[in-house]
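Tertiary structure, described
Residue-level listing of the chains:
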Amino acid sequence: MPIATAEERCFRYVPAVAVFRRIPPETLDTWLMPNGKARGDRELASEVLIEVRHAGDDSGATPQRFDLSEVLDVGRAASLFVSTFLSSLPRP
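Residues numbered from 1 in each chain as written. Predicted model: local features only at pLDDT ≥ 70, side-chain atom pairs only at ≥ 80, totals over all residues. Heavy atoms only, no water.

Here's the deal with the overall build of the protein chain
A count of helices and strands for the protein chain gives 4 helices and 5 strands. Reading the protein chain from its N terminus to its C terminus gives the helix and strand order β-β-β-α-α-β-β-α-α. Each principal axis of the C-alpha atoms in the protein chain carries an extent, and together these give about 45 × 30 × 20 Å. Counting across all 92 residues of the protein chain, residues that qualify as buried make up 26%. Considering only contacts within the protein chain whose residues lie at least 6 apart along the sequence, 61% involve residues at least 24 apart. Total accessible area on the protein chain is roughly 6,500 Å²; 51% of this is exposed by carbon and sulfur atoms. Side-chain charges in the protein chain split into 11 positive and 13 negative, and the spacing between the mean points of these groups amounts to 3 Å. (Helix = DSSP H or I, 4+ residues; strand = E, 2+ residues; numbered from the N terminus. Buried < 20%, exposed > 50% of the residue type's maximum accessible area, 1.4 Å probe, protein only. Contact = heavy atoms within 4.5 Å. Areas by Shrake-Rupley, 256 points an atom, 1.4 Å probe, with all protein chains shown as cover. Lys, Arg positive; Asp, Glu negative; His and termini not counted. Charge placed at Lys NZ, Arg CZ, Asp CG, Glu CD.)

So this is what it looks like as structure tokens:
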């Protein structure tokens, strides 16, 4: 997951684990494009992300939880989570 650094337009990448809400398959099209109008990645991610935490390492330390508003401030992260969410949905 990309995380903004103190330097403008610079990111560092950390392994992350995301927990998502479920969207009923029959409402997916309407959720993605209500009234035929596409929604943005930040808006979609804000509705399905429940929790994002650092994947951790072998040190045994407790994984850090990220504030969702900070995660969604980075457009790349929102896009990454929406695409991950959509790719994890069962195929018809």
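Observations concerning the pattern of salt bridges
If you walk through the whole model with that rule in mind, you get 4 salt bridges. A salt bridge links Glu 43 to Arg 39; the nearest nitrogen and oxygen atoms lie 3.1 Å apart. What makes Glu 43 partly exposed here is its relative accessible area of 38%. A residue is classified by how much of its surface remains accessible, and Arg 39, at 16% relative accessible area, is buried. A salt bridge links Arg 39 to Glu 47, with the nearest nitrogen and oxygen atoms 2.3 Å apart. (Salt bridge = Lys/Arg side-chain N within 4 Å of Asp/Glu carboxyl O.)

A short note on the nonpolar core
Ranked by internal contacts, the top residues of the largest apolar core, which has 21 residues, are Met 1, Trp 31, Val 52, Phe 66, Val 71 and Phe 81. Sorting the residues of this core by element identifies helix H1 (28-32), helix H2 (41-48), strand E4 (49-54), helix H3 (68-73) and helix H4 (75-87) as the ones contributing at least two each. No other element matches the 5 residues that H4 contributes to this core. Apart from the residues lying within four places of it in its own chain, the contact partners of Trp 31 are Ile 23, Arg 39, Leu 44, Glu 47, Val 48, Phe 85 and Leu 86. (Core = buried A, V, L, I, M, F, W, Y, C linked by side-chain atoms within 4.5 Å.)

Considerations on the layout of surface pockets
Each pocket or cavity is described by its volume, and for the largest pocket that value is around 330 Å³. Taken together, 14 residues make up the lining of the largest pocket; nearest its centre are Ile 23, Pro 25, Ser 88, Leu 89 and Pro 90. For the lining of the largest pocket, a count of residues per class yields 10 nonpolar, 1 polar and 3 charged. Of the voids in this model, the second largest pocket is the one considered here, and its volume is about 170 Å³. Every residue along the wall of the second largest pocket is listed here: Met 1, Pro 2, Ile 3, Ala 4, Arg 12, Gln 64, Phe 66, Glu 70, Val 71, Asp 73 and Val 74. Broken down by secondary-structure element, the contributors of at least two residues to the lining of the second largest pocket are strand E1 (2-4) and H3. Taken together, the residues of the lining of the second largest pocket break down into 7 nonpolar, 1 polar and 3 charged. (1 Å grid on protein atoms, 1.4 Å probe; cavity = no way out; pocket = protein on both sides within 12 Å on 5 of 7 lines; lining within 4 Å. Points joined across faces, edges and corners; volume = space filled by probe spheres on them. Nonpolar A, V, L, I, M, F, W, Y, C, P; charged D, E, K, R; others polar.)

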